[in-house]
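Notes for the structure review
Okay, here's what each chain looks like letter by letter:
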Amino acid sequence: MFNQSADTVTSTNTIQSICIDKEGLESLFNDQYSRLCAYAFNFLKEDEASEEVVQDVFFKLWVNRTTIQIDSSLESYMFRSVRNACLSLIKHIGIRENYKLHNQEEISYEENRDIDYSAVTELEKKIRDSIDALPEQRRKIFILSRYEHLKYKEIAERLNISVKTVENQMGKALKFLREELEDYLPLILLFLGQFFLQLTVLA
Amino acid sequence: MTHKNKHIDDGRLASFLLGELDQEEQKQIIDWLDDSEGNRRYLDQLEQVWLETGKLDPRPISVNKYKGWQKLSNRIKYFEQGESRSRRNPATKRLLIYTSIAASALILIGIFSLLKVYKPEPQYIVDNNKPTVLHNTLPDGTVVSLNRNAQITYDTADDNQRTVKLQGEAYFKVKRDTLRPFIVNAGIGGVKVLGTSFNVKIRENNDIAVTVNSGKVELFYPEQNTNDTVRMILVHNEEALISLKQNNIVRLASNSSALFWLDKRLSFRNNSLKEVFSALETCYKVEIISENDLINNLSYSSAFIDKDFDYIIKVIAETLNFNYSKNGNTYTIEEADNEE
């Protein structure tokens, strides 16, 4: 869609309007939705609100598609929009007073940080897509375990299921992800193998 | 991968990787690993998957991409329908008014079929498994706040009424729509309203406690023996219980802290201080020692939203003129020093 080299972005920014049709929107949505939600969560710490914000950004993109002028890739425009929407939500509406008080530092850090989240490796995209493809319950369990670092017992309590179910679901999730990522595993293992080899040599 | 040992499945391996197994169980896995090179490689791969997924930044949250897209495209569709209607120029608009009077029946049918075509998915589910209160706006504009572990299912397929199934406790601020009543089905009975705000709490024993914050609601309960529906109208600040044991709807003394879970809301109306203290003790997890009956029997009316305990006790003490001392979480109420 937008292939600009890094130096065009930093030096002479070309301003252009975006040109997107319904199919383009859908494929952008499929590619970026869960990453943008994850990004919004960084700020809002709340699943529901994060999705709302991202929904809104997509909606506004579509409604204003003929008037929006951007000087970067559409992807980084989306990330910027989500960030701004989150920050203004926190600042002006103050939906999370406590969050605001306790995380002022984090917010200003996030404000100043300029990581380009829009760039993504093929492996990362594949992992995210695979997680998205897990059935609802299994995905919830996996995410609580992997990213909220909850113990089986805590997950079981939170979702009102048995510890055994959590174990089964985690097993199925890992198995599924292994199958999905199979093509990438030899590569990862190769690097790991070399690493061990070096260690042996050093020893 | 060979599974000599029946107990070793993916779930067990996952537990092993996550450190969820005790020593004995770990030993079983290690034995299993020693069985074959294949077993070892399999576990290595699972571990690699575990490690790789951990590198994602920003870390993923659980989203349903398919539902998300449905929601967005519905919103766009509704928006664009509105756009195409308002974009007509004035002349066509005038013409349209005349023709529309003549053919209003036809247009109605047209709109009706449009609605049929663009109907969003029939169920809208909000589920709160967080310790915090979750606020959400339903497709009809009603704002709902869910207490922890509450879930509602909104049936969007029904054109005649808005129906919500509730589990747990929730507060509703219903968008007024006199043509389509809003009905909360809460198990053994329910609440029917047109536009108001109220709280519904399903208790452990399935009884349903309803508190009305504004407006008017109608409670309904199918009586067990006759299957006749018992109804009761509740208005502003009233509370009632739909009770299976009493097989009826009974009025309750209004509970000053029914909405405390929502936004730390307390509303006292001619409550004795004794009642006020007891409500505060439960809500703020403090201990209040008050042995003076003269003070305990004073009557108090006021409302607080989102205030901390020290603020509230200070306000009450100033209003009713008593002293108090604080020691950790224990507050002792004393008579005011009279200076006259």
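Bear in mind that the values here come from a model prediction, so they are computed numbers and not experimental data. (Residues numbered from 1 in each chain as written. Chains lettered and ligands numbered in written order. Predicted model: local features only at pLDDT ≥ 70, side-chain atom pairs only at ≥ 80, totals over all residues. Heavy atoms only, no water.)

**Description of the overall build of chain A**
Helix and strand counts for chain A stand at 11 helices and two strands. Across the 203 residues that make up chain A, the buried fraction comes to 45%. Here the analysis covers contacts within chain A between residues at least 6 apart in sequence; of these, 66% occur between residues at least 24 apart. Split by element, the accessible area of chain A, about 10,900 Å² in all, is 53% carbon and sulfur. (Helix = DSSP H or I, 4+ residues; strand = E, 2+ residues; numbered from the N terminus. Buried < 20%, exposed > 50% of the residue type's maximum accessible area, 1.4 Å probe, protein only. Contact = heavy atoms within 4.5 Å. Areas by Shrake-Rupley, 256 points an atom, 1.4 Å probe, with all protein chains shown as cover.)

**Some points on the overall build of chain B**
From N to C terminus, chain B includes 10 helices and 19 strands. In chain B, once contacts between residues fewer than 6 apart in sequence are set aside, the share between residues at least 24 apart is 44%. Of the roughly 19,100 Å² that chain B leaves accessible, carbon and sulfur atoms contribute 49%.

**Notes on the packing of aromatic side chains**
One pass over the full model with this rule turns up 18 aromatic pairs over all chains. Between A:Phe142 and A:Tyr147, the ring centres sit 6.3 Å apart and the planes meet at 75°, which makes this aromatic pair edge-to-face. We classify A:Phe142 as buried; its relative accessible area is 0%. Pairing B:Phe172 with B:Phe198 gives two aromatic rings, centres 5.3 Å apart and planes at 25°, and the pair type is stacked. Of this pair, B:Phe172 sits in strand E6 (residues 169-173) while B:Phe198 sits in strand E9 (residues 197-202); the two residues are 26 residues apart in sequence, bridging distant segments of the chain. (Phe/Tyr/Trp six-rings, centres within 6.5 Å; stacked < 30°, edge-to-face > 60°.)

**Focus on the environment of B:Arg12**
With respect to the secondary-structure elements, B:Arg12 resides in helix H1 (residues 10-17). We classify B:Arg12 as buried; its relative accessible area is 15%. Taking the C-alpha atoms as reference points, B:Arg12 and B:Ile29, separated by 17 residues in sequence, lie 8.2 Å from one another. Side chain to side chain, B:Arg12 and A:Glu167 meet in a polar contact 2.8 Å long. (Polar contact = N/O pair within 3.5 Å; in protein donor to acceptor, adjacent residues only side chain to side chain.)

**A closer look at the interface of chain A and chain B**
Interfaces are often described in size by the accessible area the parts lose on coming together. At the interface, 60 residues of chain A touch 47 residues of chain B. Interface area lost by chain A to chain B is led by A:Phe59, A:Tyr147 and A:Leu174, which between them contribute 12%. Between the two partners, chain A and chain B, sit seven salt bridges. As a salt-bridge pair, A:Glu52 and B:Lys71 come within 2.6 Å of each other at their nearest N and O atoms. Of all the secondary structure elements, the ones that give two or more residues to the side of chain A that touches chain B are helix H2 (22-44), helix H3 (47-63), helix H7 (122-133), helix H8 (136-146), helix H9 (152-159), helix H10 (163-180) and helix H11 (185-202) of chain A. Top contributing element to the side of chain A that touches chain B by residue count: H2(A), with 13 residues. Of the residues belonging to the side of chain A that touches chain B, the class tally is 28 nonpolar, eight polar and 24 charged. (Buried area = accessible area lost by both parts, 1.4 Å probe. Salt bridge = Lys/Arg side-chain N within 4 Å of Asp/Glu carboxyl O. Nonpolar A, V, L, I, M, F, W, Y, C, P; charged D, E, K, R; others polar.)

**Description of the sheet that holds strand E16 (residues 287-289) of chain B**
Residues and elements named next belong to chain B. Reading across from one edge, E16-E19-E18 is the order of the three strands in this open sheet, with mixed pairing throughout. Looking along the sheet, the strands with just one partner apiece sit at the ends: E16 and strand E18 (322-327). With strand direction ignored, the average angle separating the axes of adjacent strands in the sheet is 25°. One ladder, built from six bridges, connects E18 with strand E19 (residues 330-335); its direction is antiparallel. For Lys326, the partnering residue across the bridge sits in E19 and is Tyr331. The strands touched by helix H10 (residues 309-320) are E16, E18 and E19; relative to E18, the strand with the most contacts, the crossing angle is about 155°. (Pairing = 2+ DSSP bridges. Axes fitted to C-alpha atoms, helices over the stretch in contact; angles between N-to-C directions.)

**Some remarks on the nonpolar core**
One finds A:Leu25, A:Phe58, A:Leu61 and A:Val82 to be the most contacted residues of the largest nonpolar core, which totals 37 residues. Elements with a contribution of two residues or more to this core: H2, H3 and helix H4 (74-93) of chain A together with helix H4 (65-86) of chain B. Considering each element in turn, this core owes the most residues, 11 residues, to H2(A). Here A:Leu61 is in contact with A:Ile18, A:Leu25, A:Leu28, A:Ile68, A:Leu74, A:Tyr77 and A:Met78, once residues within four sequence places are set aside. (Core = buried A, V, L, I, M, F, W, Y, C linked by side-chain atoms within 4.5 Å.)

**Some details on the pattern of salt bridges**
Inspection of the entire model under this criterion finds 28 salt bridges over all chains. A:Glu180 is paired through a salt bridge with A:Lys126; the nearest N and O atoms lie 3.5 Å apart. Separated by 54 residues along the polypeptide, A:Glu180 in helix H10 and A:Lys126 in helix H7 bring together distant segments of the chain. Classification of A:Lys126 as partly exposed rests on a relative accessible area of 27%. Between A:Arg139 and A:Glu136 there is a salt bridge, and its shortest N-O distance comes to 3.5 Å. Taken as a pair, A:Arg139 and A:Glu136 lie in helix H8 at a separation of three residues, close to a single helical turn. Residue classification places A:Glu136 among the partly exposed positions, given a relative accessible area of 35%. Each of the salt bridges in this network shares a partner with another, and the network as a whole consists of A:Asp31, A:Lys125, A:Asp129, A:Asp132 and B:Lys65.

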